[in-house]
Amino acid sequence: MHPDRAPADEFVNQRLEPIVTRALQRFRALLPAEVGLSLSLTHDDPGIRANADRLEHALLSVFIVAWQSLGKLATQIIVEMNEVVLDDVVLDDDAAKLQGGLPPRRYARLVVSNSSRMSIGPDHTLAPAPSLVDDKPRGAHRLPLVEVHDIILQHLGMFTVLPEPGKGTAFDIYLPTAMPVEESAFNELALAVKHIFYVDDYEPMRTLVSETLPDAGFRVTCFESAKDALAALQKGASPCDLVVTDYRLKGSSGVELLKQIKLVRNYLPVILISGYVDSALESKAREEGAALVISKTSDLSDLCIALHKLLGHTPSPALVNYSEWGRL
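Computed from a predicted structure; not experimentally measured.

What counts as what
- Residues numbered from 1 in each chain as written.
- Predicted model: local features only at pLDDT ≥ 70, side-chain atom pairs only at ≥ 80, totals over all residues.
- Heavy atoms only, no water.
- Helix = DSSP H or I, 4+ residues; strand = E, 2+ residues; numbered from the N terminus.
- Buried < 20%, exposed > 50% of the residue type's maximum accessible area, 1.4 Å probe, protein only.
- Expected span 1.5 Å × (residues − 1).
- Core = buried A, V, L, I, M, F, W, Y, C linked by side-chain atoms within 4.5 Å.
- Salt bridge = Lys/Arg side-chain N within 4 Å of Asp/Glu carboxyl O.
- Polar contact = N/O pair within 3.5 Å; in protein donor to acceptor, adjacent residues only side chain to side chain.
- Contact = heavy atoms within 4.5 Å.

**A few points about the environment of Gln154**
Thought 1: Tracing the backbone shows Gln154 in helix H3 (residues 145–154).
Thought 2: Judged by relative accessible area, Gln154 falls into the buried class, the value being 17%.
Thought 3: Separated by 99 residues in the primary sequence, Gln154 and Leu55 have C-alpha atoms spaced 9.6 Å apart.

Shown next as structure tokens:
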């Protein structure tokens, strides 16, 4: 287990907005009357795999630091939340340096700043000050920023601190979205769970797939190299129903792995994924027996839908709706 990652059973798929709202309410109760809290929460109510208490405490701590670092001219704390899809990251050779090395997928992004660093627009609303005794904050102890950083990493996100002398400290937070439990895209009792082999030398992408595909109803085993994946297939200790491989692999390529797989198990479906798909790559992959070629930049919805179709499942309506599957 990664040293910064909490046990998986502590995390639950749930809505992100209630977590953010609770943290904001507790924070608003801390603020003096002369300091405003301006909000712009433009999103589609994303889901997230989270430890709600831990994430709420981390966000509250971020809000408190932003307040404590206010510049002399600032009169409001500004919190914005929206959703973004990162895709170009996989097209760059220095992908690990872009957005903290985050893999391509949909993210909830929170920006925390103040009125001396960014403008307040027409889409911002002012949070009302609390008027009841019951609104007083509970557990307002601020976590050290290093602990906040660790919590965001445990949620597979990115946490950036942006201090500016005389103007306070701002924060930029990315959190990967997930399908809420009540929107589960499959019925475990209605179909046998299929086993997917996923091959990619980019560790964040393997982490993403290992957490996302089980939500879509699959068992998944990830491999860093073509050699390891091929060895597992030849050994046959664990049944495999379909292989998904990246095109660019260290010491090999997805097409070369595809050729080797067809020599071992000619009937096994193989999906090739790539950050850049053109007609030449698609034609070559098809010639070697690929069932499908998918671009990494098209979000995970295409991959999940393709897996269900190739394995004879009928995706639920939620799978076909980008607004739902795009949250993966």
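**Details of helix H4 (residues 203–215)**
Thought 1: Here H4 contains 13 residues, and its C-alpha end-to-end distance of 19 Å stays within 8% of the 18 Å for a straight helix at 1.5 Å per residue.
Thought 2: Inspection of H4 places Met205, Arg206, Thr207, Leu208, Val209, Thr212, Leu213 and Asp215 among the buried residues, and these make up the whole buried set.

**Overview of the nonpolar core**
One recurring pattern in soluble globular proteins is that nonpolar side chains are buried together.
Thought 1: Of all hydrophobic cores here, the largest spans 37 residues; its most connected members are Leu37, Leu55 and Phe63.
Thought 2: Only helix H1 (17–30), strand S2 (36–41), strand S3 (47–50), helix H2 (52–68), strand S4 (76–86), strand S5 (105–114), H3 and strand S8 (168–176) provide two or more residues apiece to this core.
Thought 3: When residues in this core are grouped by element, the largest group, ten residues, is from H2.

**With respect to the pattern of salt bridges**
Thought 1: Scanning all chains against the criterion turns up six salt bridges.
Thought 2: Between Glu164 and Arg117 there is a salt bridge, with its nearest N and O atoms 3.7 Å apart. In this pair, Glu164 sits in strand S7 (residues 158–164) while Arg117 sits in the loop between S5 and strand S6 (125–126), placing the two residues 47 residues apart along the sequence.
Thought 3: Close ionic contact of Lys284 with Glu288 constitutes a salt bridge, the shortest N to O distance being 3.4 Å.
Thought 4: Connected through salt bridges with shared partners, the residues Arg22, Arg26 and Glu56 form a single ionic network.

**Let's talk about the side chain of Asn51**
Thought 1: Structurally, the position occupied by Asn51 is in the loop between S3 and H2.
Thought 2: Among the residues examined, Asn51 registers a relative accessible area of 15% and is labelled buried.
Thought 3: In terms of polar contacts, Asn51 uses its side chain to reach the backbone amide nitrogen of Arg54, at 3.0 Å.
Thought 4: Discounting residues that sit within four places of it in the chain, Asn51 has contacts with Glu10, Phe11 and His155.

Interpretation note: all reported values are geometric properties and have no functional meaning in isolation.
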